[in-house]
Protein chains: 2
Amino acid sequence: VPLAREANDLVAEAAARHPARLAGFAALPTADPGAAATELERCVRELGLRGAMVNGLPMHRFMDDEFFWPILERAEALDVPLYLHPAQPPPAILDCYYAGFKPAVGAALATAAWGWHIETGLHALRLILSGAFDRFPRLQVVIGHMGEAIPFMLARAAVQLSPQVTGLQRPLDDYVRDNLWITTSGFFTVPPLLNTLMVVGADRIIFSVDYPFASHEAGRSFLGSIPLSQADREKIAHGNAERLLKLPLPA
Amino acid sequence: VPLAREANDLVAEAAARHPARLAGFAALPTADPGAAATELERCVRELGLRGAMVNGLPMHRFMDDEFFWPILERAEALDVPLYLHPAQPPPAILDCYYAGFKPAVGAALATAAWGWHIETGLHALRLILSGAFDRFPRLQVVIGHMGEAIPFMLARAAVQLSPQVTGLQRPLDDYVRDNLWITTSGFFTVPPLLNTLMVVGADRIIFSVDYPFASHEAGRSFLGSIPLSQADREKIAHGNAERLLKLPLPA
């Protein structure tokens, strides 16, 4: 808890020094969800941070576990998003899915080439399936990497996990479109962008780079070259982020 | 081994009774790869089967394990494809990724909604990364479900797993386009089809239904309605399958 506070104070100071360039997400002590909710509130109300980022599976558990729901509840109450960012998969997953290669190959496969994204897509799906968005219907969650394979899989998953099966209030697609935001992070080719645009629409896609896994130059070049209307390009480039994160428009 | 032989004899008899309607894949006793290779050869040369289907992870291992390579070697020598079909993920994966929901939801999430596809996509990627297609360059592998998320993830994976990292002879994309075939199985919406078409092209996509997870009617309706040239629609509907499986054209 003290380490998270210290980190968040540092982030807030940096953002305060460059308010036209930087805004911050809070780091949360997720192992103590009550303290994490309190720290999130401090970060938003006192420090001006714009939400929180959770990396991977806290304690090897997904956030759909009700243990963590005090964090979800507070994020909804404060009207700030949670960003589900990947981290190294748990040891059981590494052993079963990603072992057997030389270290550099196994490490890439388990992380930035496949494993990170699949696990984070699953994390978002599990949040939906747990009923978290029925309980906290205004909660907003951000996932990166063009949606972590969800846009490709969604139509299939929505049929297999219909409200008759899940007992949820709404079809899976509705939660994806109303409670998730998708950043581009390092997915700088047209086929997955087009897939994502056709599934969630230009209002829910936010430009991001994913440095050092992709370069700023690659991101800028992609953003300039994608075959979109100028209106949709501007939403993706900055408009959606300003809306979600309540960012001041540049002077 | 005897059970596989018996099953394959039954399949061959059924196909022989309706040669204009049916053709078969062999079931292989994968736990004994030498016997599996022998049975594959018998099925192709004596029974006229068109390849083999492997369901899930034999012995909870991926086929990139060199233990199984006698099967890959024989499939290449016989010029018949292996179809990597999903099955229930191993217990460690079920525990770590798919537990915590009521049975119907957990079961769907682990299989037809997400888990099957992610695991089979990983299976194909692992085959590539193992060097199996450098060793058996003419080997052809079929995966279903519009490519099991690979078309969405490929550009990202290919950058993270470049030949400099993998030590493979070629970029990841090359193996996907030259050694994999993708069937549509139950992915009957335009966004993932378009993604897949843009990544692998109409020459490598084969129509399939995935009954009972999707209906024949849904498949037929999709095939008729997708916005493609008639030439590409015919490749996907039957031409590619005839070419890969050396099927006789209907009289």
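Just so it is clear, the structure is predicted and the values come from calculations on it, not from any experiment.

**Student:** Which parts of the structure should I look at to understand the sheet that holds strand 6 (residues 205–206) of chain B?
**Tutor:** The strands that make up a sheet pair up through hydrogen bonds in the backbone, lying either parallel or antiparallel. Residue and element names in this part refer to chain B. The sheet built from six strands is open, its strands ordered 1-2-3-4-5-6 with parallel pairing. The outermost strands of the open sheet, each flanked by one partner alone, are strand 1 (26–27) and strand 6. Relative to the sheet, helix 6 (residues 115–129) contacts strand 3 (82–85), strand 4 (141–143) and strand 5 (180–183), its axis offset from that of strand 3 by approximately 140°.

**Student:** Any chance you could explain unusual backbone geometry here in plain terms?
**Tutor:** What you tend to see is this: most non-glycine residues have negative phi, and most peptide bonds are trans. Going from A:Y211 to A:P212, the amide bond is cis rather than trans, its omega being 10°. Looking at the secondary structure, you find A:P212 in the loop between strand 6 (205–206) and helix 12 (216–225). The phi angle at A:H60 is positive, at roughly 60°, despite the residue not being glycine. With respect to the element layout, A:H60 can be found in the loop between strand 2 (52–55) and helix 3 (69–78). With relative accessibility at 48%, the residue A:H60 sits in the partly exposed group. The phi torsion at B:M146 lies on the positive side, around 60°, for a residue other than glycine. Mapping B:M146 onto the fold places it in the loop between strand 4 and helix 8 (150–160).

**Student:** Can you help me understand the pattern of salt bridges in this one?
**Tutor:** Oppositely charged side chains may form a pair once their charged atoms are brought near each other. Residue and element names in this part refer to chain B. Taken as a whole and judged by the stated rule, the model has 28 salt bridges over all chains. When the shortest N-O distance is used, the salt bridge between E41 and R45 registers 2.9 Å. Remark: R45 and E41 occur in helix 2 (residues 33–45); sequence separation between them is four residues, near one turn of the helix. On the accessibility criterion, E41 (25% relative accessible area) is partly exposed.

About the criteria used
Residues numbered from 1 in each chain as written. Chains lettered and ligands numbered in written order. Predicted model: local features only at pLDDT ≥ 70, side-chain atom pairs only at ≥ 80, totals over all residues. Heavy atoms only, no water. Pairing = 2+ DSSP bridges. Helix = DSSP H or I, 4+ residues; strand = E, 2+ residues; numbered from the N terminus. Contact = heavy atoms within 4.5 Å. Axes fitted to C-alpha atoms, helices over the stretch in contact; angles between N-to-C directions. Buried < 20%, exposed > 50% of the residue type's maximum accessible area, 1.4 Å probe, protein only. Salt bridge = Lys/Arg side-chain N within 4 Å of Asp/Glu carboxyl O.

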